[in-house]
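Here's the letter readout for the chains.
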Amino acid sequence: TSGDQAPTGPPTTPERPASTRERVLRWIDDPRPATENLDSLRTVVHHLGQAWDRRNEPAVILLHHADLSRDLAGQMRRLADRLGIRVPRDQWPALIEAATFTSMRAKAHQLAPDERLGLFTSNSAFFRSGKPGQWREVLNDADLAVYDSLIRSLADPDFVDWAENGTHTS
């Protein structure tokens, strides 16, 4: 066999950078298309963008982590209303408590997504802090400018505003 044959088997994953900043920068800068990478800014924009483009369809409901963090009870009621689900008043407190970040983190072993993809270091890492935009804290101004330029080249301003801040209702 010749040495110029394409490798077979699953693609290899680059070594995980030690610092959080480097991991975030790799996630932002990854140039691979969404079809070749499950975890990058381009992939998130691609997949969320597909939902965003369909946001006014009756069967599409966009929920944003920031909105859930600001008003979990209100967002849960909005979702139930949109789905036509009637919840007895006395059941709401238990449902809302079960959906809190603290409650979900305590049950990470049951609730975290399938980890065979290697996206998280552990089930509990999926529920790191629950703080929207926490990744910005590890970047400097130049890093944030690169991110801003790239995301704005990938998506329209209304989508970027919703993706970063929430508050769109449909």
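Keep in mind that this is a model prediction, so the values were computed, not measured.

(A) The arrangement of the side chain of Asn37 in detail. Tracing the sequence through the fold places Asn37 in the loop between α1 (20-29) and α2 (41-53). A distance of 3.5 Å separates polar atoms of two side chains, one belonging to Asn37 and the other to Arg32. If we skip the residues at most four places from it in the chain, Asn37 touches Asp30, Arg32 and Thr43.

(B) Region of the structure containing a negative patch on the surface. On the surface, Asp53, Asp156, Asp158 and Asp161 cluster together to form a negatively charged patch. Mapped onto the elements of the fold, Asp161 is located in helix α10 (residues 157-165).

(C) Just the packing of helix α9 (residues 141-154) against α10, in detail. Packing of α9 against α10 leaves a shortest axis separation of 9 Å and a crossing angle of 125 degrees. By the angle between their directions, the pair α9 and α10 is classed as oblique. On the side of α9, the interface is formed by Tyr147, Ile151 and Arg152, while α10 contributes Pro157, Val160 and Glu164.

(D) The environment of Met76, seen in detail. Structurally, the position occupied by Met76 is in helix α4 (residues 72-83). When the C-alpha atoms of Met76 and Leu95 are compared, they prove to be 8.9 Å apart, with 19 residues separating the residues in sequence. The contacts of Met76, once residues within four sequence positions are left out, are Trp92, Leu95, Ile96 and Ala99.

(E) Geometry of α9. In this model α9 runs 20 Å from its N-terminal to its C-terminal C-alpha over 14 residues, within 8% of the 20 Å that 1.5 Å per residue would give. Those residues of α9 that sit buried are Asp143, Tyr147, Leu150 and Ile151. Seen from one end, α9 has its buried residues packed into an arc of 95 degrees, which puts them on one side. Those residues of α9 that are exposed and angled more than 90 degrees off the buried face are Asp141, Ala142 and Ser153. Elements that come into contact with the buried residues of α9 comprise α1, α2 and α10.

(F) Quick look at the pattern of salt bridges. The tally for this structure, following the rule as stated, stands at seven salt bridges. Asp143 is paired through a salt bridge with Arg21; the nearest N and O atoms lie 2.7 Å apart. On the criterion of sequence distance, the pair formed by Asp143 in helix α9 and Arg21 in helix α1 is long-range, its members being 122 residues apart. Here Asp143 falls in the buried class, since its relative accessible area comes to 9%. Classification of Arg21 as partly exposed rests on a relative accessible area of 29%. A salt bridge links Arg152 to Asp148, with the nearest nitrogen and oxygen atoms 2.8 Å apart. Placement of both Arg152 and Asp148 in helix α9 is noted, with a separation of four residues, approximately one turn of the helix.

(G) Molecular detail of the packing of aromatic side chains. One pass over the structure, following the stated rule, counts three aromatic pairs. Summarising the aromatic geometry, the rings of Phe159 and Trp162 are spaced 6.3 Å apart at their centres and angled 45 degrees between planes, so their arrangement reads as tilted. Remark: Trp162 and Phe159 occur in helix α10; sequence separation between them is three residues, near one turn of the helix. Taken together, the aromatic side chains of Trp52, Phe159 and Trp162 make up a single cluster linked through ring pairs. The residue whose ring lies beneath Arg55 is Trp52, and the NZ or CZ to ring-centre distance is 3.8 Å.

About the cut-offs
Residues numbered from 1 in each chain as written. Predicted model: local features only at pLDDT ≥ 70, side-chain atom pairs only at ≥ 80, totals over all residues. Heavy atoms only, no water. Helix = DSSP H or I, 4+ residues; strand = E, 2+ residues; numbered from the N terminus. Polar contact = N/O pair within 3.5 Å; in protein donor to acceptor, adjacent residues only side chain to side chain. Contact = heavy atoms within 4.5 Å. Patch = residues over 30% accessible without salt bridge, like charges linked within 9 Å, V, L, I, M, F, W, Y side chains within 5 Å. Areas by Shrake-Rupley, 256 points an atom, 1.4 Å probe, with all protein chains shown as cover. Salt bridge = Lys/Arg side-chain N within 4 Å of Asp/Glu carboxyl O. Lys, Arg positive; Asp, Glu negative; His and termini not counted. Charge placed at Lys NZ, Arg CZ, Asp CG, Glu CD. Axes fitted to C-alpha atoms, helices over the stretch in contact; angles between N-to-C directions. Parallel < 35°, antiparallel > 145°, perpendicular 65-115°, else oblique. Expected span 1.5 Å × (residues − 1). Buried < 20%, exposed > 50% of the residue type's maximum accessible area, 1.4 Å probe, protein only. Arc of directions from axis to C-beta. Phe/Tyr/Trp six-rings, centres within 6.5 Å; stacked < 30°, edge-to-face > 60°. Lys NZ or Arg CZ within 6 Å of the ring centre and 35° of its normal.

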